[in-house]
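Overview (structure and organization)
Below are the chains, spelled out letter by letter.
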Amino acid sequence: MNGKELLKIEDLEIRYETDDGIVYALNGVSLHVNEGETLGLVGETGAGKTTLAKGILRLIQTPPGKIVNGKVYFEGKNVLAMSDHDLHQVRGNAISMVFQDPMTSLNPVMTVGEQIEEVIAVHNNSLSKEEIRERAIAMLKRVGISADRIDEYPHQFSGGMKQRVIIAIALACNPKLLLADEPTTALDVTIQAQVLDMINKLKTEMNTAMILISHDLGVVAQTCDRVAIIYAGRIVETGNLRDIYKNPKHPYTVGLLDSIPSLTRDTKRLKPIKGLMPDPTNLPSGCPFAPRCNYASSACSEAVPELTDRGNGHLVRCIKDISGKEGQ
Ligand SMILES: Nc1ncnc2c1ncn2[C@@H]1O[C@H](COP(=O)(O)OP(=O)(O)O)[C@@H](O)[C@H]1O
Ligand SMILES: [Mg+2]
């Protein structure tokens, strides 16, 4: 698990310039992922998760989007300053991305086999047609789809099966890093658990590092080594999975944990976090979570707290020490 550092993001800032004003989507995000490691990135809708994933691959559309600051080192090279040729290598080879909606990511007029074969062919130009097909069948089996479905079209597959095909395509080039943006959100709960199990098995087998994005802290609990919690475009807490679950230190993380049914032993305690994320075109000058926070005092609205180390790589962006205290 303690592989070399594969990805390192430093101070990434991304904005969208819209008719309604500037959307401050990412406001100085730093994080890293080691080889073979899974980082869970968790936050509410609008927190900046997809913007971060797309930013890593320079897939932010300009306009309206704009990367205004930061560095994204992949194996020591800054993706944001790479030549188009190098970027092409990273996108097609080294980093794959799975998007949230399985319906829009597959080509409806190609069989699933053709779509997997296409990726394998691009990355292995010495292979024969038969070898490519064999590899495609092996990849399908790996994601739990039987070989006899290889010539079927995407519409013949259920949502969960489509998402398996998408993961097979993403992994067919044997990437070092998989960016999985809410890969199970569109699926119902049982199917979601099966797909997560499969992802877990695959990343171990293939030793692929992963950023697993979810709005649900419960989902990442099954899969991740480390967790980063994002709120209004900033990481508010990050650390080992165990530290985040057993000893959360940011009131927002505590709120997220309290709102997961499976983790809340006493269902009477189950409570959603009150209020909404601040308007990203008009962020407050202090802690953006303060208006929703049970622990907030006037000091909290003075400045955005720094991300500070509370030991063992557990970083927290809060001026309070809420350890051991109950909310309300
Ligand atoms: N193309 C876009 N144009 C304008 N605003 C955008 C665009 N994409 C995302 N945003 C805004 O950026 C913020 C972060 O969005 P996003 O990264 O999609 O969050 P998440 O994936 O966590 O739900 C949100 O306020 C969202 O409305
Ligand atoms: Mg998203």
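Just above, that's the structure.
These figures come from a predicted structure and were not determined experimentally.

1. With respect to the packing of helix H4 (residues 112–123) against helix H5 (residues 129–142)
Packing of H4 against H5 leaves a shortest axis separation of 9 Å and a crossing angle of 115 degrees. In the packing of H4 onto H5, the handedness of the crossing is right-handed. Side by side, H4 and H5 meet where Gly113, Ile116, Glu117, Ile120 and Ala121 of the first sit next to Ile132, Arg133, Arg135, Ala136, Met139 and Leu140 of the second. Broken down by class, the residue content of the contact of H4 with H5 amounts to 7 nonpolar, 1 polar and 3 charged.

2. Overview of the site of ligand 1
Close to ligand 1 lie 15 residues, the nearest being Tyr16, Ala25, Lys49, Thr50 and Thr51. Listing elements by their share of the shell around ligand 1, those giving two or more residues are strand S1 (5–18), strand S2 (21–34) and helix H1 (49–56). Here the element with the most residues in the shell around ligand 1 is H1; it accounts for 3 residues. Tallied by class, the residues present in the shell around ligand 1 amount to 6 nonpolar, 8 polar and 1 charged.

3. Details of the nonpolar core
One finds Ile116, Ala168, Leu179, Ala180, Ile211 and Ile229 to be the most contacted residues of the largest nonpolar core, which totals 79 residues. Element by element, the count of residues in this core is highest for helix H6 (residues 159–171), at 8 residues. With residues up to four places along the chain from it excluded, the contact list for Leu179 reads Ala53, Ile56, Ile95, Met97 and Ile211.

4. Side note on unusual backbone geometry
Here Thr62 and Pro63 are connected by a cis peptide whose omega angle stands at -20 degrees. Mapped onto the elements of the fold, Pro63 is located in the loop between H1 and strand S4 (65–74). The residue after Pro63, namely Pro64, is reached through a cis peptide bond having omega 5 degrees. Within the secondary structure, Pro64 is located in the loop between H1 and S4. Phi at Asp11 takes a positive value of approximately 55 degrees, unusual for a residue other than glycine. Take Asp11: it is sitting in strand S1. By C-beta crowding, Asp11 is classed as exposed, having 12 other C-beta atoms within 10 Å.

5. Regarding the pairing of strand S3 (residues 38–42)
With 5 of 5 residues buried, S3 lies mostly within the body of the structure. Here 5 bridges tie S3 to strand S8 (residues 209–214), and the two strands are oriented parallel to one another. Pairing of Gly40 across the sheet is with Leu212, part of S8. Alignment of S3 against strand S9 (residues 226–231), held across 4 bridges, turns out to be parallel.

6. A look at the sheet that holds strand S5 (residues 77–78)
Taken together, the 4 strands give an open sheet; going across it, the order is S2-S1-S4-S5, and neighbouring strands pair in antiparallel fashion. Of all strands in the sheet, those with a lone pairing partner are S2 and S5, marking the two edges. The strands touched by H1 are S1, S2 and S4; relative to S2, the strand with the most contacts, the crossing angle is about 65 degrees.

7. Topic: the sheet that holds S9
Spatially, S6-S7-S8-S3-S9-S10-S12-S11 is the arrangement adopted by the 8 strands of the open sheet, whose pairing is mixed. With partners counted over all chains shown, the strands left at the sheet margins are strand S6 (95–98) and strand S11 (308–309), one partner each. Those strands touched by H6 are S6 and strand S7 (177–181), and its axis lies near 170 degrees from that of S6. Contacts from helix H10 (residues 251–258) reach S3, S9 and strand S10 (234–240), with the element oriented near 105 degrees to S9.

8. Remarks on the pairing of S10
Burial analysis of S10 places 6 of its 7 residues in the buried class, the great majority of the element. For S9 and S10, the ladder comprises 6 bridges, and the chain directions are antiparallel. In the strand pairing of S10, Val227 is matched with Gly239. The hairpin formed by S9 and S10 contains 2 residues between the paired strands, and Ala232 there has a positive phi angle of roughly 50 degrees. Of the strand pairs in this sheet, S10 and strand S12 (residues 315–316) are connected by 2 bridges, and their pairing is antiparallel. Looking across to S12, one finds that Glu237 is bridged to Val316.

9. Re the environment of Ile273
Along the polypeptide, Ile273 turns up in the loop between H10 and S11. With 19 C-beta atoms packed within 10 Å, Ile273 lands in the partly exposed category. The spacing of Ile273 and Asp258 is 15 residues in sequence and 8.4 Å in space, taken between C-alpha atoms. In contact with Ile273, not counting residues within four places along its chain, are Gly255, Ser259 and Arg292.

Scoring rules and cut-offs
Residues numbered from 1 in each chain as written. Chains lettered and ligands numbered in written order. Predicted model: local features only at pLDDT ≥ 70, side-chain atom pairs only at ≥ 80, totals over all residues. Axes fitted to C-alpha atoms, helices over the stretch in contact; angles between N-to-C directions. Helix = DSSP H or I, 4+ residues; strand = E, 2+ residues; numbered from the N terminus. Left-handed = near helix turned anticlockwise from the far one by under 90°. Contact = placed C-beta atoms within 7 Å. Nonpolar A, V, L, I, M, F, W, Y, C, P; charged D, E, K, R; others polar. Near = placed C-beta within 6 Å. Core = buried A, V, L, I, M, F, W, Y, C linked by C-beta atoms within 7 Å. Buried ≥ 20, exposed ≤ 12 C-beta atoms within 10 Å, placed from the backbone. Pairing = 2+ DSSP bridges.

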